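The chain contents come next:
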Amino acid sequence: MIAPRFRTSAITAGRRRHAAPPIERATFVLFSLAGERFATAVEHVERVLRHGDDELRAWKSNGRVVDRVDLAAALTMTSATPLSYHTRTLVFSAGPLWLAATVDAVYEVA
């Protein structure tokens, strides 16, 4: 079978192919909360803590003031799933403010 040949029409004849503009790459931390997946820029994540409050207390002893927030409530979601082996605490830095939020799991940095 021979593929049909297409002729250039007046509409497409004047068009030039332009190179696509370069896309800047960004890096994100992918995590889940209350069954939903989220991503945040890696620049805003200071630490990913495994053992929650114990590790957060030890880390705060370095003189950092870190406020704990309920991210699920702030996003008006149902309550977060119970703590498990995969539960992590993300420490976010937003300028001079540092916030800690418990999430269901952190998947990867992509």
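Above this text is the structure in question.
Q: What is the right way to look at the side chain of Ser32 in this model?
A: Turning to its location among the elements, Ser32 is positioned in strand β1 (residues 28-33). Within polar-contact distance, the side chain of Ser32 engages the side chain of Tyr107 at 3.2 Å. Ignoring any residue separated from it by four or fewer positions in sequence, one finds Ser32 in contact with Arg37, Val103, Asp104, Ala105 and Tyr107.

Q: What is the right way to look at the pairing of β1 in this model?
A: Every regular strand shows the same layout, with side chains that alternate between the two sheet faces. With six bridges connecting them, β1 and strand β2 (residues 36-41) associate as antiparallel partners. Across the sheet, the residue bridging to Phe28 is Ala41, located in β2. With four bridges connecting them, β1 and strand β7 (residues 105-109) associate as antiparallel partners. Directly across from Phe31, in β7, lies its bridge partner Val106.

Q: Please explain the sheet that holds β1 as it appears in this structure.
A: Backbone-to-backbone hydrogen bonds pair the strands of a sheet. The strands run either parallel or antiparallel. If you walk across this open sheet you meet the three strands as β2-β1-β7, and the pairing is antiparallel. Of all the strands in the sheet, just β2 and β7 have a single pairing partner and so form its edges. Adjacent strand axes in the sheet meet at a mean angle of 25°, parallel and antiparallel pairs treated alike.

Each value, and the rule that gives it
- In this numbering scheme, every chain counts its residues from 1 along its sequence in written order.
- A pLDDT threshold of at least 70 governs which residues receive local features in this predicted model, and a stricter bar of 80 or more applies before side-chain atom pairs are shown or counted, although totals over entire chains, interfaces and linings include all residues.
- Think of the side-chain values as coming from all heavy atoms in the structure, minus any hydrogens and water.
- The secondary structure listing takes helices from DSSP runs of H or I that are at least 4 residues long and strands from runs of E that are at least 2 residues long, numbered from the N terminus.
- Think of a polar contact as two N or O atoms within 3.5 Å of one another; within protein, one of them needs to be a possible hydrogen donor and the other a possible acceptor, and neighboring residues in sequence only count if both atoms come from side chains.
- Any two residues having at least one pair of non-hydrogen atoms within 4.5 Å are treated as being in contact.
- In short, DSSP must find at least two bridges between two strands for them to pair.
- The convention used is that axes are lines fitted to C-alpha atoms, helices contributing only their stretch in contact, and that angles between N-to-C directions extend from 0 to 180 degrees.

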